[in-house]
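# Working through the structure, step by step
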Amino acid sequence: MGAVARSRVLAAAGAGALALGLGACGGGSGGDGSTGGTSDGVSVVATTTVLGDVARQVVECGGGEVRTLMPVGADPHDFSPSSADITAMVRADLVIANGLGLEESLQSALASAADDGARVLELAPLLDPLPFGEHGHDAAATSGSDGGGREDPHVWLDVSRMAKGASFIGAELADVTGDDAYVTCGEQVSAALSETDTEVRDILAAVPADERILVTDHDAFGYFADAYDFEVAGVVIPGGSTLAQPSSSELADLAQTVRDTGVRAIFANTANPTALVDALANEVGGDIQVIALYEGSLGPEGSGAETYQGMMLTNAHLIADGLTGVTG
Ligand SMILES: [Zn+2]
């Protein structure tokens, strides 16, 4: 997938990009070494695997290196950094975080790294954030547990937002290094992601309008629903994070909601055990499927979801097949 994405980037950008790529390979960015932490180009630390992969694509074009703090399969809501991670953040030229409270167990480390002089780019607040709970899942979340108007951090599940994010990363790297090549690199990755957005729409077109209903483990799909015209009918874990538990009466109410929707599949999270979603499926009864999606993390090698583009295309196929009963 990486090679495919890269070739698309080059194809989209034409001869200018080739010249740029050769320049970056030959001498690294900022050949006079005026800025940056390493002689090989800019040094970037990203928090999540999604941000790490998008940043990698920009940095591969312009020169430099990206270290991703979270391992593949980590839940961003529940990741605590090591002391080496904290050192890496302070030493990096740029730290790219999601923000809006996603990295719950990383927030104090991010704040203290910023206090120690780290430059932190929080991407989600720049990508037209939406409040939690705008997508019709009123019944599942009970009083006071639906995020209370907080902004939803799960922006990456709308590929068009991450296309804008790639441009922001490129512009920020150009500002950090003084090398405008990163602006062009960011635009190239952005163009590649816009193509992926179109592919996602094409895959999801298989789902009829009245079957575009999502029931998921936690409230991660607000942006996805908004972008791709789905309704979130309910979520198992209240409060917008993965770090809570539904009561048995909430689960029973949600099961009734799910029966009323008639959906063929409900969705779990590859980064967490499926027990809660399995419990909901048992409560619903019948032969409803539980399908795990790549929500907060890329997938492992061989999963098809090892790049951000691959992750979103895989999710689109899983959702389309699950809701239309193709895999049933
Ligand atoms: Zn989440």
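This report concerns the structure included in the present document.

Definitions and limits used
Residues numbered from 1 in each chain as written. Predicted model: local features only at pLDDT ≥ 70, side-chain atom pairs only at ≥ 80, totals over all residues. Heavy atoms only, no water. Donors = N, O, S within 2.8 Å, 3.2 Å for Na, K, Ca; no water. Helix = DSSP H or I, 4+ residues; strand = E, 2+ residues; numbered from the N terminus. Buried < 20%, exposed > 50% of the residue type's maximum accessible area, 1.4 Å probe, protein only. Expected span 1.5 Å × (residues − 1). Arc of directions from axis to C-beta. Contact = heavy atoms within 4.5 Å. Pairing = 2+ DSSP bridges. Right-handed = clockwise from strand over helix to strand, strands pointing away. Core = buried A, V, L, I, M, F, W, Y, C linked by side-chain atoms within 4.5 Å. Domains from an automatic or database assignment.

### A few points about the coordination of the zinc ion
- Within the protein, the zinc ion binds to H77 (NE2), H154 (NE2) and H218 (NE2); these donor distances fall in the range 2.0 Å.
- The sequence motif formed by the donor residues of the zinc ion is H-x76-H-x63-H. Here H77 is found in the loop between β2 (64–68) and α4 (83–91), whereas its partner H154 is found in the loop between β4 (120–122) and α6 (159–177), with 77 residues between them in sequence. Assigned by exposure class, H77 and H154 land together as buried.

### Considerations on unusual backbone geometry
- Non-glycine residue L100 carries a positive phi angle of around 55°.
- Among the secondary structure elements, L100 is positioned in the loop between β3 (94–97) and α5 (107–115).
- Overall, L100 belongs to the buried group, its relative accessible area being 19%.
- Of note, the phi angle at D128 is positive, near 50°, even though the residue is not glycine.

### Digging into helix α9 (residues 248–261)
- Taking 1.5 Å as the rise per residue, α9 with 14 residues should run 20 Å; its terminal C-alpha atoms sit 20 Å apart, in good agreement.
- Considered for burial, the residues of α9 that qualify are E250, L251, L254, A255 and V258. Mapping the buried residues of α9 onto a view down its axis gives an arc of 140°, with all of them on the same face.
- Looking at the buried side of α9, the elements it contacts are β5 (213–216), β6 (231–235), β7 (265–269) and α10 (275–284).
- Positive phi appears at G262, one or two residues downstream of α9, with a value of about 75°.

### Some words on helix α11 (residues 308–324)
- Compared with an ideal rise of 1.5 Å per residue, which puts 17 residues at 24 Å, α11 spans 24 Å between its outermost C-alpha atoms and is within 8% of the ideal.
- Across the 17 residues of α11, 13 count as buried, placing the element largely inside the fold.
- Phi turns positive one or two residues past the end of α11, at G325, with a value near 80°.

### A closer look at the environment of G149
- Topologically, G149 is positioned in the loop between β4 and α6.
- Note on G149: relative accessible area 53%, which makes it exposed.
- Residues G149 and P131 lie 18 residues apart in sequence; the distance between their C-alpha atoms is 5.4 Å.

### Looking at the pairing of β5
- Neither face of β5 is left uncovered, since the one carrying I213 and V215 and the one carrying L214 and T216 both have all their residues buried.
- As defined by bridge partners, β5 adjoins β6 across four bridges and the pair is classed as parallel. Within the sheet, the bridge partner assigned to I213 lies in β6 and is E231.
- In this view, the connection linking β5 to its parallel neighbour β6 by way of helix α8 (residues 222–228) has right-handed handedness.

### Some words on the nonpolar core
- Formed by 64 residues in total, the largest nonpolar core has its most connected members in M162, F224, Y308 and I319.
- If you count residues domain by domain, this core takes at least three from each of domain 1 (2–197) and domain 2 (200–324).
- Excluding its chain neighbours within four sequence positions, the residues that come into contact with I319 are L204, L214, F221, F224, F230, F267 and L293.
- Formed by 16 residues, the second largest nonpolar core is a distinct cluster that contains L254, V258, V284 and I288.

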